[in-house]
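Chain residues, written in single-letter form:
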Amino acid sequence: MKKVIEVKNLSKAYKTLKVLEHVSFDVKEGEILGFLGPNGSGKTTTIHCILTLLRFNEGTINIFGEEMKPDSYELKRQIGVVFQEVAVFEELSVFDNIDYFCGLYIQDKKQRKQYVEEAIQFVGLEHYKTFYPKQLSGGLLRRLNIACGIAHKPRLIFLDEPTVAVDPQSRNNILEGIKKLREQGATIIYTTHYMEEVDILCDRIIILDQGKILAEGTPNELKELANIEEKITVEVTNMTEKIIEGIRKFKTVDQVMFEEGILVVTYHKGKNNLSQLVDYLKENKVVYHKIFSERPTLNDVFLQLTGKELRD
Amino acid sequence: MFWHNFKYSFKTLLKNKTLVFWTLLFPIILGIFFHLAFSDIEKKETLDLIDIAVVSNDAFHENKLLAETLRVLSDDKNEQRLFQTSYVSLAKAQKLLKENKVIGYVLVDEDIHLTVNSNGVDETVFAFVMDEIKVKQKMMEAFTREETITKYSQGELVDYEKIYRQASQLLQQDTDVIHDISNQNLSYTMIEYYTLIAMACLYGGMLAMYITNYKLANMNCVGKRTSISPVSKGTMLLGSLCASYLIQLIGLLLLFLFTIFVLHVDYGNHLLAMILLACCGSLAGLSLGIVVATLIKTNENAKTGILIAITMCGCFFSGMMGITMKYIIDKNIPLLNKLNPASMITDGFYALYYYDHFDRFLFDVISLLLFSLVMMILSFHELRRQTYDHI
C-alpha cells in the first residue's frame, strides 16, 4: 500500500520544553491510524505540524509523496480536518457554514451544492439546515464540525478528538460515520484519549506520551506488549495478607492488587486461571459476590509502558 | 473564490449585532447626541444679547473708535450683534447695574473704565471687546505719533486730519480681515460632525479586524480551518475586506443621509468631495483594522481594545473633545497629526471649508491613501505563508 503520510524525525520545542521528540511514523493509504495519548502528549501538536500550522525545529513531513509546505495548495486540497474545538461561524446557518468551507475547496457551484447536501445527510443534520450554531446541542455542533471538515470529500482526513464532550448517541453516530468514510476510501488519522474508540476503529495505533512515541502496532500487537493474558476482578468481603500471598504463588500470576474490597489478579498466561482462583478462594472460605474475567485493554498497555493511567 | 469570500464575509459581518451596532448605529446615535447637545448651545450663543450701559458724556462722544464700535455691535441690523446698549448718565448706569438690568457699564474720561458686577461669560466678552478697543486706540495713537514725528523731522507740514484718516483706514483694514475670518469660522457643532465622520471611518476598522481574525490560525478555530484550506490568505482576505469596506461605506452613507436629512446638518458646497474623503478615510480605517489584527499578537478582546483606543486617541488628537487639542498637537508634535488618519480626515474637511482651492484637500486624500497602502503592505507581508510557533 502507498504511504499517504511520512513523518521523519519530527521534533519541536517551546524554548527549553520539548513537546515532540524525534517522532517518526507512516500512514498507509486507506487505513485508520489512531493517535492515543493523554492530554498534552503531543497528538494535536503533531497534527498541527503536519498541516503546517506550526513551525517545527527538525524533521521532514511528506504527504502523498510530496513535501508539505504552507503553500502546498494542491496537497491541502486533498486534506480534510475536524478540529478538536468546533470551528464554525456563529453568524452563519448550518448550510452556509458547510457551503463556505466546502467552497474553499470546490469551485464548481453545482458540484459543491451536491457535496454539501451529501455532507448534511452524512452527519444527519437534514432537519437543521437553517439553524444557527447557537441553536444546536453539543452533539449536533460536533456533527456540524465534522461536516465542515469532510464535505469536500478529502482523501486524507484528520480527526482530532471529535467525540470529546459528546452524548453517547452522537458519539455512536460519529464513530459509524468514520467507518463509512474509510469505506469510501479515505485515509484517516484519529486522535483521542478514549482507548475504547481506537480499539474499535483503528487498524493501527501509535501511543504517544510527553512528545515521544512509546509504542506502535495493531491493537492486538500492542496488547501483547503488555505481557498480560488475562485479568480477573473479584468483589470480596474478607481477605487477608496470607491469602493474597497464596495467590501470588500461582505460577501464571503476574500481579495481585487488593483495594477497597476489590481483588485484581493479572496473569501472563494460563488456561484455567478463573476456576483455579475460585477454588482457592473457596478453600480459604473467602466470600465473593461478583467475579469476572477480561482480556487486557489498551489502558493496561499504557499503564505497563508509562506506569500511569491513560486519563491521568 | 473572491465572490465566495465576499458573499460569506458580508453575511457574517451583517449578522454580527455587536459589529453592526458599533460601526453602523453608534455614529448615528452619537450624531443625535451632538445635535441635542450643541445645536441648542449655538442657538443660545446667537440669540442672547448682552445688556450693557454706557455713560453718555463728552469724553465718550469724543472717542470715535469706541462710540462707533459699540454702535455697530449694538445695531439690530447687524447679524453679529453682541450688545443691547443703554446710553445713560453715570447715576443711571450705576442704578441699572445694581438692579442687574445690565452686566456692566463703561465710563470714559482720560481712559476707558469698565465696571462689572461679577465674573461670567457675558462679563468676559464685554471686557474682551473693551480691551480690543483699547488696543486699537493705542495702535492709532502710536501710528499718529510716529507719522507726526516723521513728517516733523522731514520738515513737512503736519496734517493731523490726514494722519488720523490713514490710521482709521489701517485699522479698518485690520478689522475687515478679522471680520472675514470670523465669517468663515466653523461652528463647534460642525467640527464635532467632522470628527464624528472621521470616527465612523476609523470604526470600520473593527469590521476588517473581525474578519481578518477569522483567517488567523492563532486567533480562533475558524482561523485554523481557513488556514489549512488550499486558498492563499491574500486571496481569501481580499474578498472579505471588500465586503467589510462595502459595509463601512453603507454605514457612512447612512450617517451622511441621517445628518443631512434628519439632523439638518449643512455640509456646504463640497459634499461630493467630502464623501470622497470619507471613502479614503474608511480605507485608512480598514487598513488600521488589518494591521492591528495581523501585527499585534494578542487575543481578540485585547485587539478590539487596542483598535478602539487608537481610534479614540486619533479622534481626540484631531479635535473631537475640543479643537484646541488639534492646534496643540499641530504646534508641538506635527508628525503625530501627519500620521493620524483621524486628523487627515478632519483636516481634509477643514480644507474644503476654508479654502477655495483643493490643494490641501488633495494632500489629505493622498496621505490617507498612502497610509492605507503602507498598512496593507505590512499586513499582507505578515500574513504571507504564515506559520506559528504555538497556537
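What you see as residue numbers is a count from 1 along each chain, following the sequence as written. Chains carry letters from A onward and ligands carry numbers from 1 onward, assigned in written order. Side-chain atom pairs in this predicted model are given and counted only at pLDDT of 80 or more, local residue features only at pLDDT of at least 70, and totals for whole chains, interfaces and linings cover all residues. Side-chain numbers here rest on the full set of heavy atoms in the structure, without hydrogens or water.

(A) Focus on the sheet that holds strand E11 (residues 230-236) of chain A. All names here are of chain A. Should DSSP find at least two bridges between two strands, the strands are taken to pair. Put simply, DSSP H or I for four residues or longer makes a helix, DSSP E for two residues or longer makes a strand, and each gets a number counted from the N terminus. Overall, antiparallel pairing links the four strands, which are arranged E12-E13-E11-E14 in an open sheet. Single-partner strands in this sheet number two, and they are strand E12 (253-259) and strand E14 (288-294). Taking the axes of each pair of neighbouring strands and ignoring which way they run, one obtains an average angle of 15° across the sheet. In terms of strand pairing, E11 meets E14 through five bridges, oriented antiparallel. Axis geometry follows a simple rule: fit a line to the C-alpha atoms, using only the stretch in contact for helices, then measure angles between N-to-C directions, giving values from 0 to 180 degrees.

(B) Expanded view of the pairing of strand E4 (residues 58-63) of chain A. Residues and elements named next belong to chain A. Summarising the sheet, strand E1 (residues 3-14) and E4 pair through five bridges and their orientation is antiparallel. Across the sheet, the residue bridging to Lys8 is Thr60, located in E4. Alignment of E4 against strand E5 (residues 66-67), held across two bridges, turns out to be antiparallel. Along E5, the bridge assignment pairs Ile63 with Glu66.

(C) Main features of helix H5 (residues 90-98) of chain B. All names here are of chain B. Within H5, burial applies to Ala93, Leu96 and Leu97. Here the buried residues of H5 occupy an arc of 100° about the axis, which is enough to place them on one side. Facing away from the buried side of H5 by more than 90 degrees, the exposed set consists of Ala91 and Lys98. Contacts from the buried residues of H5 go to strand E1 (50-55), strand E2 (83-88), strand E3 (104-108) and strand E4 (112-116). Taken from the residues just after H5, Asn100 is the one with a positive phi, measuring 60°. Think of it in three bands: with a 1.4 Å probe and only protein chains considered, a residue is buried below 20% of the maximum accessible area for its type, exposed above 50%, and partly exposed in between. Of all possible arcs, the one meant is that of the directions from the helix axis to the C-beta atoms. Contacts are residue-level and defined by heavy atoms, with any inter-residue pair within 4.5 Å sufficient.

(D) Broad picture of the environment of Met325(B). Residues and elements named next belong to chain B. Its place among the elements puts Met325 in helix H14 (residues 323-332). Residue class for Met325 comes out partly exposed when judged on its relative accessible area of 21%. Apart from residues no more than four positions distant in its own chain, Met325 is found in contact with Phe316 and Phe317.

(E) Highlighting the side chain of Thr52(A). Tracing the backbone shows Thr52(A) in the loop between helix H1 (43-50) and E4. Contact partners of Thr52(A), with chain neighbours within four places excluded, come to Met68(A), Lys69(A), Pro70(A), Lys76(A) and Thr387(B).

(F) Summary view of the interface of chain B and chain A. Counting residues at the interface gives 31 residues for chain B and 35 residues for chain A. Buried surface area refers to the total accessible area, computed with a probe of radius 1.4 Å, that the two partners give up upon joining, counted for both partners together. Summed over both sides, the interface between chain B and chain A buries roughly 3300 Å², with carbon and sulfur atoms accounting for 58% of that surface. Per-residue buried area on chain B facing chain A is highest for Arg225(B), Ile228(B) and Pro230(B); these three make up 26% of the total on that side. Any Lys or Arg side-chain nitrogen located within 4 Å of an Asp or Glu carboxyl oxygen qualifies as a salt bridge. Here chain B and chain A share two salt bridges between them. A salt bridge links Asp96(A) to Lys11(B), with the nearest nitrogen and oxygen atoms 2.6 Å apart. Think of a polar contact as two N or O atoms within 3.5 Å of one another; within protein, one of them needs to be a possible hydrogen donor and the other a possible acceptor, and neighboring residues in sequence only count if both atoms come from side chains. Taken together, the connections running from chain B to chain A amount to 16 residue pairs in polar contact (both at pLDDT 80 or more). Across the side of chain B that touches chain A, the residue classes tally to 13 nonpolar, 10 polar and eight charged. When residues are sorted by character, Ala, Val, Leu, Ile, Met, Phe, Trp, Tyr, Cys and Pro go into the nonpolar class, Asp, Glu, Lys and Arg into the charged class, and all the rest, Gly among them, into the polar class.

(G) Looking closely at the pattern of salt bridges. Residues and elements named next belong to chain A. As enumerated under the stated definition, the model contains 24 salt bridges over all chains in all. Among the salt bridges present, the one from Lys212 reaches Glu21, with a minimum N-O distance of 4.0 Å. With Lys212 in strand E10 (residues 212-217) and Glu21 in strand E2 (residues 17-28), this residue pair connects regions lying 191 residues apart in the sequence. Classification of Glu21 by relative accessible area gives partly exposed; the value is 23%.

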